[in-house]
Amino acid sequence: MKVYVAGHRGMVGGAILRRLQAQGVETLTRSHSQLDLTDQAAVRDFLQAERPDAVVLAAAKVGGIHANNTYPAEFIYENLMIQANVIHQSFAAGVCRLLFLGSSCIYPRAVAQPMAEDALLTGVLEPTNEPYAIAKIAGIKLCESYNRQHGTDYRSVMPTNLYGPGDNFHPENSHVMPAMMRRFHEAARDGLNEVTVWGTGSPRREFLHVDDMAEASLFVMNLDREAYEANTQPMLSHINVGTGQDVSIRELAELLADVTGFKGRLSFDTSKPDGTPRKLMDVSRLSSMGWTASTDLRSGVEQTYEWFKANEAELRQV
């Protein structure tokens with residue numbers, strides 16, 4: 001089997017690629033400079049020439065609250081184009097199996113916790129990332145529509161907040177975990193007395209280590225088709241991936257301060273947005289299928305911090 005991993009230079013795609021290669025699977029990759037996934041003709045030509053047996057669609061434009069608020073047009077346009085091109089051209093090239101990676105932001109802002117798969121499209125989305133969420137919902141529905149009309153086996157997994165080696169640690173355009181880790185690291189290094197955290201600190205978030213996500217993704221992708229379809233529905237086929245546990249942003253800040261050695265005080269800038277009050281995944285569907293996460297939060301954070309320090313010089317240029 002030859003597997004094309006779209007987005008292999010991203011944190012999740014890279015983790016999936018490493019796991020596939022460790023298993024001896026033949027893999028196919030292209031960097032953005034080699035293949036622009038928003039270019040329909042380029043994607044068509046590539047997939048027609050290479051004819052992979054399976055595709056992992058991990059490529060996406062991603063970012064935190066600041067990035068989503070600042071570049072909403074880019075987030076919806078680029079993600080819609082990437083998904084439409086890769087999914088349709090995979091079908092046109094005869095690819096029968098595809099795994100699409102979405103996001104927990106597909107669920108409504110005011111939704112029962114933990115968020116079950118059937119909460120999709122039951123309410124209004126969180127305004128700060130609505131364009132990105134709509135694009136990811138469209139990706140799910142693309143997969144389901146090709147399955148229903150053409151008999152393909154295109155599956156979708158919805159991860160909670162991910163972190164780990166290879167993350168984006170940009171101080172403004174990254175997600176909450178890496179952005180805060182960098183801020184606490186620099187404060188500890190520079191002997192600062194205070195670190196300011198966006199928002200009130202009360203929102204609760206769930207965090208999944210990227211290696212666990214890679215393992216879960218391949219678990220779902222390799223499930224026997226009958227087993228997958230027995231646990232899903234044709235128009236509700238996506239599967240949540242998470243730990244089933246969450247922490248408040250304040251608790252996360254306290255953990256990061258401890259791991260990085262920051263001894264100063266925490267303050268919270270309540271003029272900045274909190275985002276969704278709580279985002280906890282209901283992972284009972286995936287658990288019943290035989291997979292659960294294995295990396296606890298503190299161990300994962302410690303491992304990620306060691307990776308960050310080892311790569312700090314390179315990351316500071318980004």
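Here, every reference points to the structure presented above.
Residues numbered from 1 in each chain as written. Predicted model: local features only at pLDDT ≥ 70, side-chain atom pairs only at ≥ 80, totals over all residues. Heavy atoms only, no water.

**Notes on the side chain of Thr128**
Next up, step 1: Position of Thr128 relative to the elements: it lies in the loop between β4 (97-101) and α5 (130-150).
Next up, step 2: One polar contact links Thr128 to Glu126, side chain to side chain, over a distance of 2.7 Å.
Next up, step 3: Every residue in contact with Thr128, bar those within four places of it in the chain, is listed here: Ile65, Asn68, Asn69 and Gly275. (Helix = DSSP H or I, 4+ residues; strand = E, 2+ residues; numbered from the N terminus. Polar contact = N/O pair within 3.5 Å; in protein donor to acceptor, adjacent residues only side chain to side chain. Contact = heavy atoms within 4.5 Å.)

**Details of helix α2 (residues 40-50)**
Next up, step 1: Among the residues making up α2, those that are buried are Val43, Phe46 and Leu47. Each buried residue of α2 sits inside an arc of 90° when the element is viewed along its axis, so together they form one side.
Next up, step 2: Summarising the contacts, the buried residues of α2 are in contact with β1 (2-6), β2 (26-28) and α4 (72-92).
Next up, step 3: Looking at where α2 begins, the residue whose side-chain oxygen comes 3.2 Å from the main-chain nitrogen of Ala41 is Asp39.
Next up, step 4: The first or second residue beyond α2 is Arg51, which carries a positive phi of 50°. (Buried < 20%, exposed > 50% of the residue type's maximum accessible area, 1.4 Å probe, protein only. Arc of directions from axis to C-beta.)

**Side note on the packing of helix α9 (residues 249-260) against helix α11 (residues 297-310)**
Next up, step 1: The contact between α9 and α11 brings their axes to 10 Å, and the two run at 50°. Classed by the angle they form, the pair α9 and α11 counts as oblique. Crossing of α9 against α11: the hand is right-handed. Where α9 abuts α11, its residues Leu255, Leu256, Asp258, Val259 and Thr260 lie against Leu297, Arg298, Val301, Glu302 and Tyr305. (Axes fitted to C-alpha atoms, helices over the stretch in contact; angles between N-to-C directions. Parallel < 35°, antiparallel > 145°, perpendicular 65-115°, else oblique. Left-handed = near helix turned anticlockwise from the far one by under 90°.)

**Describing the side chain of Thr152**
Next up, step 1: Inspection of the secondary structure puts Thr152 in the loop between α5 and β5 (153-159).
Next up, step 2: Within the local environment of Thr152, its side chain forms a polar contact with the backbone oxygen of Tyr146, the two atoms lying 3.2 Å apart.
Next up, step 3: When sequence neighbours within four positions are dropped, the list of residues in contact with Thr152 reads Phe91, Val95, Cys96, Tyr146, Asn147 and Arg225.

**A few points about the pattern of salt bridges**
Next up, step 1: A full pass over the atoms with the stated rule returns 22 salt bridges.
Next up, step 2: Glu302 is the partner of Arg298 in a salt bridge, and the nearest nitrogen-oxygen pair spans 3.0 Å. Pair noted here: Arg298 and Glu302 are both in helix α11, with a separation of four residues, about one helical turn.
Next up, step 3: Through salt bridges with shared partners, a single ionic network connects Arg204, Asp246, Glu251 and Arg278. (Salt bridge = Lys/Arg side-chain N within 4 Å of Asp/Glu carboxyl O.)

**Points about the nonpolar core**
Next up, step 1: Judged by nonpolar contacts, the single largest core of 38 residues is most densely connected at Tyr4, Leu37 and Leu57.
Next up, step 2: Per element, the largest residue contribution to this core is six residues, and it comes from α5.
Next up, step 3: Here Tyr4 is in contact with Leu28, Thr29, Arg30, Leu35, Leu37, Phe46, Leu47, Pro52, Ala54, Val55 and Val56, once residues within four sequence places are set aside.
Next up, step 4: Residues Val3, Leu17, Leu208 and Val241 belong to the second largest nonpolar core, which totals 30 residues. (Core = buried A, V, L, I, M, F, W, Y, C linked by side-chain atoms within 4.5 Å.)

**Quick notes on the sheet that holds β1**
Next up, step 1: What the six strands build is an open sheet, ordered β2-β1-β3-β4-β5-β10; its pairing is parallel. Only two strands of the sheet have a single partner each, and these edge strands are β2 and β10 (239-241). Going from strand to strand, the sheet's axes swing by 25° on average, the running direction of each strand aside.
Next up, step 2: Inspection of the sheet shows β1 paired to strand β3 (residues 54-57) by four bridges, in the parallel sense. Directly across from Val3, in β3, lies its bridge partner Ala54.
Next up, step 3: Along the sheet, α5 contacts β4 and β5; its crossing angle with β5, the most-contacted strand, is approximately 155°. (Pairing = 2+ DSSP bridges.)

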